[in-house]
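Take a look at the letters that make up each chain.
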Amino acid sequence: MQSDISLHHITPMAAISIGISVAAAFLLHWLAYWIASRIARRMKLDPVILPAIYHPTRWLVVLMALAAGVQPLKFSDRVESIWTIGSGMVFILLMGWLIFALMRAFRVLLERRSDISVEDNLKARRQHTRIRILYRVAQFIIGFLIVSLMLIMIPGVRTVGVTLMASAGLAGLAVGAAAQPALKNLIAGIQMAFSEPIRLDDVVIVEGEWGRIEDIKLTYVVVRIWDDRRMVVPVSYFLEKPFQNWTTKTSDLLGTVFLYVDPSADVERIRARFVEAVKANARWDGRVAILQVTDHRADALELRGLLSARNAGIAFDLRCEVREEMLHFLRTEMPEALVRSRQRIEAADGFTTPSAVAG
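Being a predicted model, the structure only gives us computed values, none of them experimental. (Residues numbered from 1 in each chain as written. Predicted model: local features only at pLDDT ≥ 70, side-chain atom pairs only at ≥ 80, totals over all residues. Heavy atoms only, no water.)

> For this particular structure, what's the right way to read unusual backbone geometry?
Trans is the common state for peptide bonds, and a negative phi is the common state for residues other than glycine. Positioned with a positive phi, D201 is a non-glycine residue whose angle comes to about 70°. One can find D201 in the loop between helix 7 (180–195) and strand 1 (203–206). One non-glycine residue, E207, lies in the positive phi region at around 55°. Within the secondary structure layout, E207 lies in the loop between strand 1 and strand 2 (209–216). (Helix = DSSP H or I, 4+ residues; strand = E, 2+ residues; numbered from the N terminus.)

> Any chance you could explain helix 10 (residues 312–332) here in plain terms?
Residues that lie three or four places apart on an α-helix share one face, since the helix turns once every 3.6 residues. Compared with the 30 Å implied by 1.5 Å per residue over 21 residues, the 30 Å span of helix 10 between its first and last C-alpha is a close match. Buried residues along helix 10 sit in contact with strand 1, strand 2, strand 6 (253–261), helix 9 (267–280) and strand 8 (301–309). (Expected span 1.5 Å × (residues − 1). Contact = heavy atoms within 4.5 Å.)

> Help me out: how do you make sense of the environment of Y237 in this one?
Relative to the elements of secondary structure, Y237 occurs in helix 8 (residues 237–240). Here the alpha-carbon distance between Y237 and A188, two residues 49 residues apart in the chain, equals 9.0 Å. The contact partners of Y237, leaving out residues within four places of it in the chain, are V206, E207, P242 and F243.

> Quick question: what am I supposed to make of helix 2 (residues 49–70) here?
Taking 1.5 Å as the rise per residue, helix 2 with 22 residues should run 32 Å; its terminal C-alpha atoms sit 32 Å apart, in good agreement. Of all the bends in helix 2, the greatest reaches close to 40° and is centred on H55; the proline P56 follows between one and four positions later. Those residues of helix 2 not exposed but buried are I53, Y54, P56, T57, R58, L60, V62, L63, A65, G69 and V70. (Bend = angle between axes of the 7 residues up to and from the residue. Buried < 20%, exposed > 50% of the residue type's maximum accessible area, 1.4 Å probe, protein only.)

> Would you take a moment to explain the packing of helix 9 against helix 10 for this structure?
Between two packed helices, the angle of one axis relative to the other and the distance separating the axes together describe the packing. Interaxial distance between helix 9 and helix 10 falls to 10 Å at its minimum, and their mutual angle equals 140°. Here helix 9 lies oblique to helix 10, going by the angle between them. Between helix 9 and helix 10 lies a crossing whose hand is right-handed. Residues R269, I270, R273, F274, A277 and V278 of helix 9 lie in contact with helix 10, whose contacting residues are V322, E325, M326, F329 and L330. For the contact of helix 9 with helix 10, the residue count by class is eight nonpolar, no polar and three charged. (Axes fitted to C-alpha atoms, helices over the stretch in contact; angles between N-to-C directions. Parallel < 35°, antiparallel > 145°, perpendicular 65-115°, else oblique. Left-handed = near helix turned anticlockwise from the far one by under 90°. Nonpolar A, V, L, I, M, F, W, Y, C, P; charged D, E, K, R; others polar.)

> Explanation requested: a nonpolar patch on the surface in the structure shown.
On the surface, a cluster of nonpolar side chains totalling about 830 Å² of accessible area is made up of L27, W30, L31, W34, I35, I39, M43 and L45. Within the element layout of this structure, M43 appears in the loop between helix 1 (12–42) and helix 2. (Patch = residues over 30% accessible without salt bridge, like charges linked within 9 Å, V, L, I, M, F, W, Y side chains within 5 Å. Areas by Shrake-Rupley, 256 points an atom, 1.4 Å probe, with all protein chains shown as cover. Salt bridge = Lys/Arg side-chain N within 4 Å of Asp/Glu carboxyl O.)

> Sorry if this is basic, but what is going on with the sheet that holds strand 6 here?
In any sheet, the strands associate via hydrogen bonds between backbone groups, in a parallel or an antiparallel arrangement. One open sheet holds the three strands; their spatial order is 6-8-7, and the pairing between them is antiparallel. The open sheet terminates on both sides in strands that have one partner only, identified here as strand 6 and strand 7 (289–296). Strand-to-strand twist across the sheet, computed as the mean angle between neighbouring axes with direction ignored, equals 25°. As judged from the seven bridges shared by strand 7 and strand 8, these two strands associate in the antiparallel manner. If you follow Q292 over to strand 8, its bridge partner there is R304. (Pairing = 2+ DSSP bridges.)

> Help me understand the packing of aromatic side chains, please; the structure alone is not making it clear to me.
Two numbers describe a pair of aromatic rings. These are the distance of the centres and the angle of the planes. One pass over the structure, following the stated rule, counts five aromatic pairs. Seen in terms of ring centroids, Y33 and Y54 are 4.6 Å apart; in terms of plane orientation they differ by 70°. Their pairing is edge-to-face. With Y33 in helix 1 and Y54 in helix 2, this pair connects stretches of sequence that are 21 residues apart. Residue Y33 is classed as partly exposed on the basis of its relative accessible area, which comes to 23%. (Phe/Tyr/Trp six-rings, centres within 6.5 Å; stacked < 30°, edge-to-face > 60°.)

> Would you mind going over the nonpolar core with me for this structure?
Side chains of a nonpolar character, in soluble globular proteins, are inclined to be buried together. I270, F274 and L303 are the most contacted members of the largest nonpolar core, which totals 28 residues. It is helix 10 that provides the largest number of residues to this core, a total of eight residues. Residues I198, V204, V206 and V221 belong to the second largest nonpolar core, which totals 21 residues. (Core = buried A, V, L, I, M, F, W, Y, C linked by side-chain atoms within 4.5 Å.)

Printed below as a string of structure tokens:
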């Protein structure tokens, strides 16, 4: 008949038995991993899942071997209680670690299937955005469940939790009110994963700033401004307030170049030179190249040139280069088209010789 023992009175044979069980667990895990790695290499599988689960599965196997090794021993009630609670909490923690590792591995596999670095990456950006948002939502939910299950393993904490849930209604309302902004952004993040007002690498104008969506977190979005600043915006902003998204359907974009010329300028000649300059530029995508008179003031004509490019960044460079080319053309070949001020001085008292028209 076995007698109750404490941790300080484990017999050498029991200690050896536990040690052998743990060593066998390490060896068994290493062997299983080696066989699985060889199978994966032969099947030419992406080496992502196995390295991700290596450490959590190793310690899970060790924990189960340790539990099997101490099962024949009978400890005192206090030690038995500590072992039951501690091993249960460690098991939950290791299972959470394994689930997180699998989630991260599957996220990498899914993201590798859609290359976001290509030029026409609208579909890939949509997939990356949805994967990233859902991944972080799942992280939050699973992390909350893991912490809750670990706390439930402690009898005292479980009793306190049940008491609080049964009697602290006002405290619950206060906590709910305090957590409202976080919950609001969490729900907005889930909604945004499917409505897709923004995606990763979208070109947006938020609060008057031009930038790209660099990252989408669980409750906020990081916008990389054109001068490398970062704007952190709550997720709910993109569902409640207006903003500009230049790449909602496609990354193709129209750019504008404004020129102001003298009202007597030869617009047809300027139009022909504009179209020639756009078509000669390698950044043009071949869609749009036109010049129109969009306004007429007393001292100048406003000419608006439209040109197209594959994305916002290329369109900006194209606009700058064509604008420089057109200003050079006006300055060297059509100086008479530059805007001039005209004044006429009429003869009056005190003037004996009126001036001619001054250019």
